[in-house]
Amino acid sequence: MSASAIAPRRKRLSDGLTVTQKVFIRSRNGGATKIIREHYLRTDIPCLSMACTKCPEIVVPDAENNLPKFILSNDPPEFPQPIGKHYVVLDTNIVLQAIDLLENPDCFFDVIIPQIVLDEVRNKSYPVYTRLRTLCRDSDDKKRFIVFHNEFNENTFVEREKDESINDRNDRAIRKTCQWYANHLKEYGINVILVTNDRLNREAAETTTPNKDEEKLITKSLMQYVDLLPNSEEIKDLIPNLEPTNNQELIKSNNNVSKEPIFPEYYSTARIMGGLKNGVLYQGNVQISEYNFLEGTVSLPSFSKPVLIVGQKNLNRAFNGDQVIVELLPESEWKAPSTIVLDSEHFNVNDNPDDDNNENADTTELGINGTSNIVISDKDRRLLAKHAIEAQKEKKVQPTARVVAITRRSWRQYVGQIAPNSVDLQTGGTQNVFVILMDKCLPKIRIRTRRAHDLLDKRIVISIDSWPTDQKYPLGHFVRDLGGIETAEAETEALLLEHDVEYRPFSKKVLECLPAEGHEWKAPASLTDPASLAKDPLLANRKDLRDKLICSIDPPGCVDIDDALHAKKLPNGNWEVGVHIADVTHFVKQGTALDAEGASRGTSVYLVDKRIDMLPMLLGTDLCSLKPYVDRFAFSVLWELDSNADIVKVDFTKSVIKSREAFSYEQAQLRIDDPNQTDDLTQGMRALLQLSIKLKQKRLDNGALNLASPEVKVHMDSETSDPGEVEIKKLLATNSLVEEFMLLANISVARKIYDAFPQTAMLRRHAAPPSTNFELLNEMLHRRKNMSISLESSKALADSLDRCEDPKDPYFNTLVRIMSTRCMMAAQYFYSGAYSYPDFKHYGLAVDIYTHFTSPIRRYCDVVAHRQLAGAIGYEPLSLSHRDKNKMDMICRNINKKHRNAQFAGRASIEYYVGQVMRNNETVETGYVIKVFNNGIVVLVPKFGVEGLIRLENLTRDTNGANFNEVEFKLNFVHKETGKEREIYVFDKVEVQVKSVLDPVTSKRKAELLLK
Ligand SMILES: [Zn+2]
C-alpha cells in the first residue's frame, strides 16, 4: 500500500531534515497495519546529465562506494524550436500502456523516470515493472533511461495537501520533477518534455504559472510526442490502441448516447470482497477448452470437478489463464459439457473489423445472450453451491458459472498474423484489422495499422491494450514483425515468444560473472597446493576422485554433460558406485547477476534445431560440462551398494574428477555387449547395468508407472539443416542405466537436504490423480473393451495398465498409456514447508520423497538443491534466500512455470518440423480414434506423433444424416468417398490419409487427416 499521509514537519538533513510518512501495510489477515516511516530529504541527488557541471560537485558515493553514473546525453534528440534539445519525463500510465514503445530501439532516448512513477508501476503491474527496471539498468549507452529519486530530493519532494487525492499528489510530484529539471538544465540548452495521456495533468501543467525565472512546462500526449519524431510514421503503428478511453471522453464531452454494452460490467471490489467472504463468489483460474473456445472451466477448492463456464457472455472477456471471480448460475442453466468442437480460428471469420456492433445470428446459440438475470439472495446462493457440489457427483449435468470480475490478467505479448479477409486491399493508410493469434484458445484481436498490406504474410507480435464492455473483440496494437510465415527463423522465434522463453543473448552484467580465465580455466592440479588454497579455501573440503574410472553416457552429440558415473568392486564384494554431477554452483554464486538470470530462465529449452541455454555457454558446454580427459569440479554422490542394489551407505562430497570417456547410449551399449572388452572401465559399466536392472525392478514392484507419450524425433540434414525424416524414439538398456542412477541420486539427495532443512528443502512431488480425471477414459474402456484402470494405488494403476492388452493389436496398450498420461497430474517443484510429508510423494516414481539434483547446467531446481546439499554437508553455509519460505515459494512458482513452458515449446518445435517433413510426403497411415464428438473425431497417428480432428463435413456429405451416440462413443455417417455407411467408435483403428496443409485463416501448418 502506498503512502497515505505525510506529516507537515520538515527538517534539513544537515540539520536533521526528515519527512515522516504514515504507511499502511497490508497484514496477513487482510487488515491494514499503520506504521510510521521517516526518511531524510537530501540535497545531494544528482540530475545525472552529462551536460551538467553542478551535480558532479555534490554527489556522494553509495554504500558500496560507487559514484552514480551520469547517463543522460549532453547531446540529446532535438525537435524543431521552440523545444530543441530535450529530455523526456514519463508518467505512470505511459509506462504501463506503452512499455513496448519505450523498449523500441528507434524512439525514446534520454528518459527520466521519477521514482514515484517506478513505485506506482510496481504496484500496478509487476511484469511491466521488471521490464522498466531492465530498461533503466541495461540502457546506459543506447537509450539512456534513468530513475530520479524525486521523493528523497529536497527540491522535488511535495507534500500531500488537504483534500488532495494520492493520485493528484503524485501527478503534482511528477510535474514538480519536470519543473526542477527544466530550470536546472536551462543553462545547458536542454529542455524537458512531460509525456502524459492524462488531459487534466496536461492542463494543470499549462495553467500553473511558474515562479519568476522558471520555465513553462512542456507537455505532450503520447500521440503528440510521436508526431514530432522524425520517424513518426513507422512509430505510429506501435502506439497502444486506447480507442475506448478516447471514446469515453468523447461520449462524456458530447453527452452522446453511449454504445450498447455487449458484455456485463465487472463487479466492484467491495462487492467481490463481500461475496468471497460470504461464500457466494469464488476465485480461480480460467482454463479455456482446447476444443471449444467458447467453453471454459474454473477449478475451485470446494468442488470436486471444475465448474463449467459456457458462452461468450458468461466468459465475460476472460482470457485463458486469467484469475477470475465467478458466480454460480441458477440450476436451470446447468449443462453437460459441450460435445461440439469449435475453434476461434474459423469462427466469424467474416466479421468486419470496423464494425463495433456486428450482430450475429448464432450469438444466441453460443450463449452470448444466454444468461438470465434472475436475482438470487446470498442465502439461496449458498444453497445453490451445495446442490452444485452434489450434482458433480452424479453425471451429465454440471453446474455452470459466470465470470463477474477479473482479478489478474494473463495478458502478455502474443504472436499471430493478420486475417487476410479483414484487410481492405483497395485503400491504403491506417485501418482496423483482425489479428488471429497462434493460441487457438484466444479470441482474435483488433488492431489499427498503417502497414496492413505488407504485414499480410508475416508472423507479427502484438500487445493487448484493453477489452471494453462495448467491444466484441479485445483491442491491441502491433509491436513488431518476426518475418515471413513458414520461414524457420520466424516460426522458431514465434514459438519461443508464445511460450515465454527468454532467448536474448546474456547481458554484459551476466557475462561479467564468469571466470576471468574463460576457456583457459583449469581445476588445480593439487587440492593441497598452498597457492591454490589461498585462492579458494574451500578446496580443502573437496575430495580428489581423479583416480576413479568415471565415464559419461548421453544422447549422441551432447555437449552439456551434467552427469558421469563409475562403479568399483569393493573387497567385501559390494560395489562402490558414484554419480558425479557438474559443480555448477562453484561458478554460479548466490545473489550474482548470473544467478538471477539462471533463476529467471529456470531451465534450458531444447528445440529441434536449437538449444536455449539457462547458463552461458562457457559454463554449460565447457567449464561445468563433465567432458572426458580433463579435470572438472563435480558434486559426487557415493554409495556402497550390495549385490541386490540395496544401499549400505551413502556419502556426498564436492570433488574433482577426470572422466575417461564420453559415450553415446549406443556406444556404451556396444562396449558393454562386446565380450572382447575386459578392461576395468567396461567391467564397471557392466556392473552399473546389472545394478540398474535391479533398481528398476524394485521401482516397478513398488508401483512406479511406465507411462507413454507419442514421442518422435526429427532428423535434421546436417548439411542443409532441413528436416529429413521422423522416427519414433528408441530406448536402449543404457538409457535405463543412466536413468536409474540419476533417480537414485535424486532420492538420496532429497532425503539429505530434507533432514538438514525440514522447512525449505527444494523438492519435487507428483500428486495421485483424482479419480474424476480418469472417469471418461474408464467409461470408454469399459464400454468398448470391457477393461478398466484402477486408481487405488500407483501399483494398482500400473498393474491395470499392464492388463489393458488387445491381443489383436500390440499398439493398443501404448495408446491407453498415452491417454492415461493425459489424465495424470503434472509433477511440481515445491519447498518442504509447503506440504506435509505424506504429500511429498512422487506418484509416478512411487517414492516418498524426490528432488532434481542431477542436471544443474540446465535446471535451476538442481542449482538450489546443490547449494542446500553443500549446506547440509557443511561444505559452505547456505544463503538466507534458500532458507526463507517466501523466497523459496517464489523460486518454485517460477521454475514450475518455466518448466511447463519449456516442455510446450519443445513439443511445438517438433510439431512444426514434423509438419515440414510431411509437406512433401502425402501418405496413408494407421491411426487411432481417441475422441468422438457430435461433429467430428480426433485421430492419433503414432508414426508422426500427430493427432488431428476430422470434422463431420470431411467425413460425410450428409451431415444431417449423421448420428452421434454419446453413451457408446460412436458416430454413424455415410462415408464421403465410398458412399458406404460407416460406424466409428472410440479406440477404432483406422486408415487415414495424412498430409500437411497450411490453414488459410491462421497460416499455421497442421496435419490434415482424411478417413479412408
Ligand atoms: Zn545537474
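All values derive from a computational prediction rather than experimental measurement.

Asks: Please clarify how the packing of aromatic side chains should be interpreted in this entry.
Replies: By convention here, two paired aromatic rings are described through the distance between centres and the angle between planes. The full count for this structure, using the stated rule, is 22 aromatic pairs. Each member of the aromatic cluster is reached from another via a ring pair, and the members are Phe 263, Phe 319, Trp 411, Tyr 414 and Trp 467. The ring centre of Tyr 829 lies 4.5 Å from the NZ or CZ of Arg 764, which sits over that ring. Stacked on the ring of Tyr 985, the Lys or Arg Arg 784 has its end atom at 3.9 Å from the ring centre.

Asks: It is not clear to me how the sheet that holds strand E16 (residues 431–437) should be interpreted in this structure. Could you clarify?
Replies: Backbone-to-backbone hydrogen bonds join strands into a sheet, with any given pair of strands oriented parallel or antiparallel. As summarised here, the arrangement of the five strands in space is E15-E16-E17-E19-E18, forming a closed barrel in which the pairing is mixed. If you compare each strand with its neighbour and ignore which way they point, the axes differ by 50° on average. Of the pairings in the sheet, the one linking E16 to strand E17 (residues 445–449) comprises five bridges and is antiparallel in character. Its bridge partner lying in E17, Val 433 is registered against Ile 447.

Asks: What is the right way to look at the environment of Glu 206 in this model?
Replies: With respect to the helices and strands, Glu 206 occurs in helix H6 (residues 199–207). Taking relative accessible area as the criterion, Glu 206 reaches 38% and is therefore assigned partly exposed. Taking the C-alpha atoms as reference points, Glu 206 and Leu 217, separated by 11 residues in sequence, lie 6.8 Å from one another. Setting aside chain neighbours within four positions, we find Glu 206 in contact with Lys 216, Leu 217 and Thr 219.

Asks: Is there a simple way to think about the nonpolar core in this case?
Replies: For soluble globular proteins, the rule of thumb is that nonpolar side chains tend to be buried together. Counting residues in each nonpolar core, the largest one holds 76 residues, and the members touching the most others are Leu 90, Val 95, Phe 108, Ile 113 and Tyr 181. Counting residues per element, this core draws most heavily on helix H2 (residues 92–103), which supplies six residues. Setting aside residues no more than four positions away along its own chain, Phe 108 makes contact with Val 88, Leu 90, Leu 101, Leu 102, Lys 143, Phe 145, Leu 222 and Tyr 225. Counting 51 residues, the second-largest nonpolar core is a separate cluster that includes Cys 804, Tyr 811, Val 914 and Leu 1011.

Asks: I would appreciate a short explanation of the coordination of the zinc ion in the present structure.
Replies: Expected angles at a metal are 109.5 degrees for tetrahedral coordination by four donors and either 90 or 180 degrees for octahedral coordination by six donors. The protein atoms that coordinate the zinc ion are Cys 47 (SG), Cys 52 (SG), Cys 55 (SG) and His 184 (NE2), at distances of 2.0 to 2.3 Å. With four donor atoms in place around the zinc ion and angles of 102 to 114° between them, the coordination shape is tetrahedral. Of the residues examined, His 184 reaches a relative accessible area of 11% and is grouped as buried.

Asks: For this particular structure, what's the right way to read helix H19 (residues 665–673)?
Replies: Given 3.6 residues to a turn, an α-helix orients residues that are three or four positions apart in the same direction. Listed in full, the buried residues belonging to H19 are Tyr 665, Ala 668, Gln 669, Arg 671 and Ile 672. Each buried residue of H19 lies within a common arc of 165° when the element is viewed along its axis, so the set occupies one face. In H19, the exposed positions that point more than 90 degrees away from the buried face belong to Glu 666, Leu 670 and Asp 673.

Asks: Would you mind showing me how to read the sheet that holds strand E14 (residues 401–408) here?
Replies: Taken in spatial order, the five strands of this open sheet run E12-E11-E10-E13-E14, and their pairing is antiparallel. Only two strands of the sheet have a single partner each, and these edge strands are strand E12 (307–310) and E14. Here the strands of the sheet are splayed against their neighbours by 40° on average, with no regard to which way each runs.

Asks: Please explain the side chain of Thr 219 as it appears in this structure.
Replies: Its location among the elements puts Thr 219 in strand E9 (residues 218–220). Look past the residues within four positions of Thr 219 in its chain and what remains in contact with it is Leu 194, Arg 202, Ala 205, Glu 206 and Gln 224.

Asks: Please clarify how H6 should be interpreted in this entry.
Replies: Within the span of H6, buried status applies to Asn 201, Arg 202 and Ala 205. What you see down the axis of H6 is that its buried residues fit within an arc of 100°, all on one side. For H6, the exposed residues lying more than 90 degrees away from the buried face are Leu 200 and Thr 207. Next to the buried residues of H6 lie helix H5 (166–185), strand E8 (191–195), E9 and helix H7 (222–228). Capping the start of H6, Asp 198 holds a side-chain oxygen 3.0 Å from the backbone nitrogen of Leu 200, two or three residues further along.

Asks: Please clarify how unusual backbone geometry should be interpreted in this entry.
Replies: What you tend to see is this: most non-glycine residues have negative phi, and most peptide bonds are trans. A cis amide bond links Gln 81 with the next residue in sequence, Pro 82, at an omega value of 10°. Note on placement: Pro 82 falls in the loop between strand E4 (78–79) and strand E5 (84–90). Even without being a glycine, Asp 163 presents a positive backbone phi close to 65°. By the element assignment, Asp 163 lies in the loop between strand E7 (145–148) and H5. The class for Asp 163 is exposed, based on a relative accessible area of 75%. In this structure, Phe 987 is a non-glycine residue whose phi angle is positive, near 75°. On the basis of relative accessibility, which here comes to 4%, the residue Phe 987 falls in the buried class.

Asks: Any chance you could explain the pairing of E5 here in plain terms?
Replies: Within a regular beta strand, the side chains point alternately toward one face of the sheet and then the other, so they alternate between its two faces. Along E5, six of the seven residues are buried, which leaves the element largely enclosed by surrounding structure. Here E4 pairs with E5 via two bridges, running antiparallel. Looking across to E5, one finds that Glu 78 is bridged to Lys 85. Joining the antiparallel neighbours E4 and E5 is a turn of four residues. Two strands pair when backbone bridges link them, and E5 and E8 are joined in this way by five bridges, in the parallel orientation.

Calculation criteria
Residues numbered from 1 in each chain as written. Predicted model: local features only at pLDDT ≥ 70, side-chain atom pairs only at ≥ 80, totals over all residues. Heavy atoms only, no water. Phe/Tyr/Trp six-rings, centres within 6.5 Å; stacked < 30°, edge-to-face > 60°. Lys NZ or Arg CZ within 6 Å of the ring centre and 35° of its normal. Pairing = 2+ DSSP bridges. Helix = DSSP H or I, 4+ residues; strand = E, 2+ residues; numbered from the N terminus. Axes fitted to C-alpha atoms, helices over the stretch in contact; angles between N-to-C directions. Buried < 20%, exposed > 50% of the residue type's maximum accessible area, 1.4 Å probe, protein only. Contact = heavy atoms within 4.5 Å. Core = buried A, V, L, I, M, F, W, Y, C linked by side-chain atoms within 4.5 Å. Donors = N, O, S within 2.8 Å, 3.2 Å for Na, K, Ca; no water. Tetrahedral: all angles 85-135°; square planar, octahedral: opposite > 155°, others 65-115°. Arc of directions from axis to C-beta. Polar contact = N/O pair within 3.5 Å; in protein donor to acceptor, adjacent residues only side chain to side chain.

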